[in-house]
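Here's the letter readout for the chains.
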Amino acid sequence: MNALIDELRAGLSALGRDSRLRRRRTLDAPCGPMARIDGRKLISFCSNDYLGLANDPALIEALSDGARRFGVGSGASHLVSGHIEAHEALERRLAAFSGFDRVLLMTAGYMANLGIVPALVGRGDAVFADRLNHASLIDAVLLSRADNLRYPHADLGELERLLAASRAKRKLILTDAVFSMDGDIAPLPGLLELAERFDAWLVVDDAHGFGVLGEKGRGSLAHFDLPRDERIVYMGTLGKAAGASGAFVAASDTVIEWLLQSARTYIFTTGSSPAIACALLASLDLIEFGDERRAHLRRLAKQLGDGLAKMRWKLIPSPTAIQPIIIGDNHEALRVASMLYEKGLWVPAIRPPTVPRGSARLRVSLSAAHTEAHIAALIDALREPA
Ligand SMILES: *Cc1c(COP(=O)(O)O)cnc(C)c1O
């Protein structure tokens with residue numbers, strides 16, 4: 001018997017008792033509104049493929065063409081020899097689209113966040129972070145070694161108090177733009193005002209807003225019509241609404257040059273596939289001319305909200321594709337999710353520690369690829385007594 005292994009076994013048993021064991025399901029069809037698992041078809045409300053682009057023919061074609069032109073692997077990190085014409089074209093396109101001077105491509109949103117924060121702040125500095133920030137932002141602060149000051153969700157008053165009391169050399173305000181488990185939007189105009197007043201960076205993670213919110217899907221800053229201020233560092237992901245994978249940081253020329261020189265998750269990792277960059281160029285066309293998809297998404301969200309208005313569980317209305325239904329208890333959330341699953345509807349049950357204790361929920365993710373009939377099926381299943 002090995003004490004190290006025993007400890008892990010005990011940990012796994014504890015997770016099981018608490019209904020917190022995570023398990024994967026293997027899909028045998030592409031990402032889309034209908035998932036196929038073990039040959040069985042289910043309506044899926046799980047993916048972050050908000051515009052329905054992950055399996056779009058234009059992206060598939062661009063990816064294949066890209067692979068024929070540039071190959072599959074980039075072969076090295078960007079600073080060695082892995083920066084290929086397709087990456088460069090994508091960075092330029094994303095800069096023009098997001099309205100910032102310049103863009104740096106990253107291999108994932110997680111990597112982008114871990115790169116940005118430690119490049120801007122360190123020991124003796126302070127990060128002011130929303131309590132509901134994504135795990136990658138929490139880890140980024142730890143990695144930076146800056147003081148970690150957390151403010152209650154979206155509470156500008158408390159943030160102001162913390163900023164005013166801080167003696168830190170450099171300050172950085174860190175927030176999700178759209179909160180991944182609630183679907184609500186951060187008070188970005190107020191955050192920018194505080195960043196200006198207290199001379200702080202404002203780092204915005206727009207994983208769920210890019211492609212969905214704002215004019216032409218330009219994201220959360222566009223949603224509020226905010227200027228592309230020099231103190232804003234904007235991170236958008238490319239594996240959600242953009243339908244592929246990767247992420248980008250958009251900022252002033254100086255910030256991007258600094259990140260290129262010092263963000264360790266940029267420097268010490270292999271560049272993503274140039275073929276994916278080609279797929280993303282096609283994706284940006286569809287995002288830019290995707291008003292109809294975004295309008296459809298909003299109609300579906302309204303249909304769901306109206307349909308569940310008098311239900312016993314509370315749907316948190318959101319202007320985004322994320323529509324959480326709060327159940328509360330872990331076991332109950334799992335029970336409702338498995339009841340839906342039996343009926344052919346796949347909705348993830350999200351439990352602590354991903355969300356605060358006592359707020360286990362069904363996280364309904366809508367996609368422009370859903371139809372009104374898909375939403376109606378979910379509403380009917382939730383309204384039936386279980
Ligand atoms: C998904 C997500 C990330 C991570 O992005 P990946 O590209 O999947 O690594 C970062 N931040 C938020 C808010 C997210 O929802």
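(A) Representation of the sheet that holds strand β9 (residues 247–251) in the model. The mixed open sheet is built from seven strands, whose spatial order is β3-β9-β8-β7-β6-β4-β5. With partners counted over all chains shown, the strands left at the sheet margins are β3 (102–106) and β5 (147–151), one partner each. Taken over all neighbouring pairs, the strand axes of this sheet differ in orientation by 20° on average, direction set aside. Strand contacts of helix α4 (residues 85–98): β3 and β9, with the helix running at about 130° to β3, the strand carrying the most contacts. Running at roughly 165° to strand β8 (residues 232–237), helix α5 (residues 109–120) makes contact with β3, β4 (126–130), β6 (171–176), β7 (201–205), β8 and β9 of the sheet.

(B) Seen up close, the pattern of salt bridges. Evaluation of the coordinates by the stated rule reveals 24 salt bridges. Two residues, R299 and E292, come together in a salt bridge whose shortest N-O distance is 3.1 Å. Taking the shortest distance from any N to any O, the salt bridge between K302 and D306 comes out at 2.6 Å. Of this pair, K302 and D306 both sit in helix α13 (residues 291–307), separated by four residues, roughly a single helical turn.

(C) Quick look at the pairing of β3. A large share of β3 lies buried, amounting to four of its five residues. Pairing geometry for β3 and β9, over five bridges, is antiparallel. Opposite M106, over in β9, you have A247 as the bridge partner.

(D) Structural view of the site of the ligand. Around the ligand sit 14 residues in total, of which G109, Y110, D205, H208 and K240 are the nearest. For the ligand, an oxygen atom lies 2.7 Å from a polar atom in the backbone of G109. H134 has a polar side-chain atom sitting 3.3 Å from a nitrogen atom of the ligand. The fraction of the free accessible surface of the ligand (380 Å²) that becomes covered by protein chains is 82%. Top element by residues in the shell around the ligand is α5. It accounts for three residues. Partitioned by chemical class, the residues of the shell around the ligand number three nonpolar, eight polar and three charged.

(E) Main features of the nonpolar core. Within the largest apolar cluster, 84 residues are counted, with the highest numbers of intra-cluster contacts made by I173, L340, L362 and L382. Sorting elements by how many residues they give to this core places helix α12 (residues 274–288) first, with six residues. When residues of this core are sorted by domain, at least three fall in each of domain 1 (21–51 + 291–383) and domain 2 (57–288). Beyond its immediate sequence surroundings of up to four residues, L362 is in contact with Q323, P324, I325, I327, A333, V336, A337, L340, V347, P348, A349 and L382. In terms of nonpolar packing, the next biggest core, distinct from the first, is built from 29 residues, A119, L120, L137 and L259 among them.

(F) Quick peek at the domain arrangement of the protein chain. In terms of domains, the protein chain is made up of domain 1 (21–51 + 291–383) and domain 2 (57–288). On the domain 2 side, the residues contacting the 20 residues of domain 1 number 20 residues. A combined buried area of about 1,500 Å² lies between domain 1 and domain 2, and 61% of that area is made up of carbon and sulfur atoms. Ranking the residues of domain 1 by area buried against domain 2 places Y50, R294 and T320 at the top, with a combined share of 30%. Applying the counting rule to domain 1 against domain 2 returns one salt bridge. Here R361 ties to D182 by a salt bridge, and the two come within 3.4 Å at their closest N and O atoms. Summed over the shared surface of domain 1 and domain 2, the number is nine residue pairs in polar contact (both at pLDDT 80 or more). Every element with two or more residues in the side of domain 1 that touches domain 2 is listed here: α13, β11 (322–328) and β14 (360–365). Ranked by residues supplied to the side of domain 1 that touches domain 2, first place goes to α13 with four residues.

(G) Broad picture of the pairing of β11. Buried residues dominate β11, accounting for six of its seven residues. In this structure, strand β10 (residues 314–315) lies alongside β11, joined through two bridges in antiparallel fashion. In the sheet register, L315 faces β11, and the bridge partner there is I325.

(H) A look at the state of the cysteines. This model, assessed by the stated rule, comprises zero disulfides. No disulfide involves C31; its nearest neighbouring cysteine sulfur is the one of C46, lying 9.7 Å away. Overall, the relative accessible area of 32% leaves C31 in the partly exposed class. We classify C46 as partly exposed; its relative accessible area is 22%.

Thresholds applied
- Residues numbered from 1 in each chain as written.
- Predicted model: local features only at pLDDT ≥ 70, side-chain atom pairs only at ≥ 80, totals over all residues.
- Heavy atoms only, no water.
- Pairing = 2+ DSSP bridges.
- Helix = DSSP H or I, 4+ residues; strand = E, 2+ residues; numbered from the N terminus.
- Axes fitted to C-alpha atoms, helices over the stretch in contact; angles between N-to-C directions.
- Contact = heavy atoms within 4.5 Å.
- Salt bridge = Lys/Arg side-chain N within 4 Å of Asp/Glu carboxyl O.
- Buried < 20%, exposed > 50% of the residue type's maximum accessible area, 1.4 Å probe, protein only.
- Near = heavy atom within 4 Å.
- Polar contact = N/O pair within 3.5 Å; in protein donor to acceptor, adjacent residues only side chain to side chain.
- Areas by Shrake-Rupley, 256 points an atom, 1.4 Å probe, with all protein chains shown as cover.
- Nonpolar A, V, L, I, M, F, W, Y, C, P; charged D, E, K, R; others polar.
- Core = buried A, V, L, I, M, F, W, Y, C linked by side-chain atoms within 4.5 Å.
- Domains from an automatic or database assignment.
- Buried area = accessible area lost by both parts, 1.4 Å probe.
- Disulfide = S-S within 2.5 Å.

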